[in-house]
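Geometric and topological summary
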Amino acid sequence: MTHTQIRVRFAPSPTGHLHIGGARTALYNWLYARKTGGVFVLRIEDTDAVRSTEESYHAIIDALEWLGLDWDEGPVKDGPFGPYVQSARQVLYHTESQKLLEQGMAYHCFCTPDELEEMRSEALQQRESTRYDGRCRNLPRDEIEYRLAKKVPHVVRFRMPDGETRFNDLIRGLITFQNKELDDFVLVKSDGKPTYNFAAVVDDARMRISHVIRGDDHLSNTPKQVLICKALGYAVPKFAHLPMILGSDRTRLSKRHGASSVQEFRRIGYLSDSLVNYLALLGWAYDDKTEFFTRESLIKKFSLKKVSKNPAAVDPNKLDHIDGEHFKRLDAIKRVSLVYEKLLEEKILPAGFRPEEWAGRGTGNGVTDPTLRPGAADEAAYREELPRLAIILKVMGNRLKNLKDVREKLAYFYRDDYPRDAEASKTYLSSPESAARLTQLADRFEKLEPFDRGEIERTTRELAEEEGIKAADLIHPCRVALTGQSVSPDIFSVVHLLGRKKSVERMRTAALESTAHTGRDVGS
RNA sequence: GGCCCCUUCGUCUAGUGGUUUAGGACAUAUGGUUCUCAGCCAUAAAACAGGGGUUCGACUCCCCUAGGGGCUACCA
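Residues numbered from 1 in each chain as written. Chains lettered and ligands numbered in written order. Predicted model: local features only at pLDDT ≥ 70, side-chain atom pairs only at ≥ 80, totals over all residues. Heavy atoms only, no water.

Turning our attention to the packing of aromatic side chains. Overall, the coordinates contain 10 aromatic pairs when judged by the stated rule. Ring centres 6.2 Å apart and planes at 85° place the aromatic pair F445 and F451 in the edge-to-face group. For the pair F445 and F451, a shared accessibility class is recorded, and that class is buried. Here the guanidinium or amino end of R329 rests over the ring plane of F292, the centre of that ring lying 3.7 Å away. (Phe/Tyr/Trp six-rings, centres within 6.5 Å; stacked < 30°, edge-to-face > 60°. Buried < 20%, exposed > 50% of the residue type's maximum accessible area, 1.4 Å probe, protein only. Lys NZ or Arg CZ within 6 Å of the ring centre and 35° of its normal.)

Here it is, written out as structure tokens:
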């Protein structure tokens, strides 16, 4: 075994979804391992029997896989230092705690939770420290044997030595704690399970972890862990404590802050590449310019030395921007299939959607692919719609910045119950003139041959000129009639993509509604 | 309360004693282009928490104060 091999780990507890704070910790560990040619270990810390769930375990595994953070050793992918789930390592914690007990570095404590609670509230009242007072520290040997034999519930506590404990944090430098500030903390709970501090140290040592990279909420636990290491004769790993990630209001991340789990970001439609890129930037920067990174470029550029010390607040705007950058760079095929999936997920694509009804053959719009099989089953719907969707995306251009906006920006291409902006209708569809113009324009579209973008524009401008009005006076009502919004891509392309049938239909409906609203006949 | 950590534009950050009138990005505002929007181009506003030192010189080093965060569980 090489002693220089770098081994890092991500050790989540399966008590909920993977938070973006945890995701960032996992990412930095992964990056460090990949950068140094080291090993990335995944370990599940499920010593809290009450809060750990199978569901959370799967959620975390899924999230890591989605982020592309593959581990070299861990659940699913076994390695030489397994098992990698703490509940399966019970014997080990037991033997290690026995060692400590035998050497007198730990002791049995029979205090009940009630006693401890009393101790604590008393200390609080006297405005004293709430540390354990050590009343079981020096129980007579036979007394201990007796209670143990009688199976009196007990825990194992660490016998805190005098002196001070220091360690050199890779990000924060030398940190010193006075041991008397730490108390005789619990190593083994009364159910026989190890506490976090104990299990983590034992596993880190047995798994040969060389660098512990984790959130800075663990900074205060570190001296305890160093002390356990020393008591057990383990080599002390190097530590790197990452700054915390805060909500946009700079308080601790919680449900109030909207999306905070990887799973939610995924559901909203962020690309995993984007989340990885954004998370990397939360607490780390390569230089004063570069902010677009792929996993590969991050591996090249990442360095623990450049990790910042101060907590970072999540900025949804910046995430959106980064996401847009990645979305923009997607190749066309990939983008089309991602958007198609999103359309399905969002249930925008109605079951049994038939492209030809919208812009299909015979409308002369040239959108359909002649190689497509007619009457295809639903599974083939994708293949059928693909060419049209590709053109929709091309026409949308950079207006569709990400997957997140698919619902809002693409619905009118796929269904008739797309959202309508009341303000837009009021502005462009409420006058008698607009109804009349829509009708005139629809009449022309009905007869237009060929029905392509160029002809659509030509006839629209022609009508405007004949009527002595600006083209915009035709364009705006038409846009609202077709899309329900006052913003859209190039309107002639939209008419073309929607097809003659749908376009004319929507324009006539809008004209009718407009007439109904004004309450009188607007015929010539 | 005790201990530990942190403090550059609204946000993420660059900056490691002089090259700085403190740079970039997001967001914001204004103008140009256009059928709207987006985009693109140009421009603007925006920060070294406060106070003491050290030094010829401090955003950079030290101390204090303030603010924020963490730990102080038989949670992790």
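Structure's up, so let's keep going.
Further remarks concern the packing of helix α16 (residues 422-429) against helix α19 (residues 472-483). For any two helices packed against each other, one specifies the crossing angle of their axes together with the interaxial distance. Packing of α16 against α19 leaves a shortest axis separation of 9 Å and a crossing angle of 145°. Of the two possible hands of crossing, α16 and α19 adopt the one that is left-handed. Contact residues: α16 offers A424, S425, Y428 and L429, while α19 offers H476, P477, V480 and A481. Its residues assigned to classes, the contact of α16 with α19 shows six nonpolar, two polar and no charged. (Axes fitted to C-alpha atoms, helices over the stretch in contact; angles between N-to-C directions. Helix = DSSP H or I, 4+ residues; strand = E, 2+ residues; numbered from the N terminus. Left-handed = near helix turned anticlockwise from the far one by under 90°. Contact = heavy atoms within 4.5 Å. Nonpolar A, V, L, I, M, F, W, Y, C, P; charged D, E, K, R; others polar.)

Looking now at the side chain of E325. Mapped onto the secondary structure, E325 falls in helix α11 (residues 316-329). Take E325: its relative accessible area is 19%, and that puts it in the buried class. Polar side-chain contacts of E325 include one of 3.2 Å to the side chain of K328. (Polar contact = N/O pair within 3.5 Å; in protein donor to acceptor, adjacent residues only side chain to side chain.)

In this structure, V339, L343, L389, L410, F413, Y414 and M507 are the most contacted members of the largest nonpolar core, which totals 55 residues. Put simply, the parts of the chain that give this core at least two residues each are α12 (332-345), α14 (381-396), α15 (406-410), α16, α17 (432-447), α18 (453-467), α19 and α20 (491-518). Among the elements that make up this core, the one with the highest residue count is α20 (10 residues). The residues that make up this core include at least three from each of domain 3 (331-413) and domain 4 (422-523). (Core = buried A, V, L, I, M, F, W, Y, C linked by side-chain atoms within 4.5 Å. Domains from an automatic or database assignment.)

Turning our attention to the protein's contact with RNA strand B. Within the structure, RNA strand B sits among 61 residues, and T47, R172, K189, S488 and D490 are positioned closest to it. A breakdown of the atoms of RNA strand B within 4 Å of the protein gives sugar and phosphate a share of 71%. Contact between RNA strand B and N221: a base nitrogen at 3.1 Å from a side-chain N or O atom of the residue. At 3.2 Å from a base nitrogen of RNA strand B is found a side-chain nitrogen or oxygen belonging to K318. Within the residue set of the surface near RNA strand B, elements represented by two or more residues are α4 (113-125), β4 (155-158), β6 (173-178), β11 (312-313), α11 and α19. Among the residues forming the surface near RNA strand B, the class breakdown is 20 nonpolar, 18 polar and 23 charged. (Near = heavy atom within 4 Å.)

On the surface, a cluster of negative charge is made up of D114, E118, E122 and E128. With respect to the helices, strands and loops of the structure, E118 is situated in helix α4. Relative accessible area serves as the criterion here: at 51%, E118 is assigned to the exposed category. (Patch = residues over 30% accessible without salt bridge, like charges linked within 9 Å, V, L, I, M, F, W, Y side chains within 5 Å. Areas by Shrake-Rupley, 256 points an atom, 1.4 Å probe, with all protein chains shown as cover. Salt bridge = Lys/Arg side-chain N within 4 Å of Asp/Glu carboxyl O. Lys, Arg positive; Asp, Glu negative; His and termini not counted. Charge placed at Lys NZ, Arg CZ, Asp CG, Glu CD.)

Note that every value here comes from positions in space, so none of it alone points to a role or purpose.
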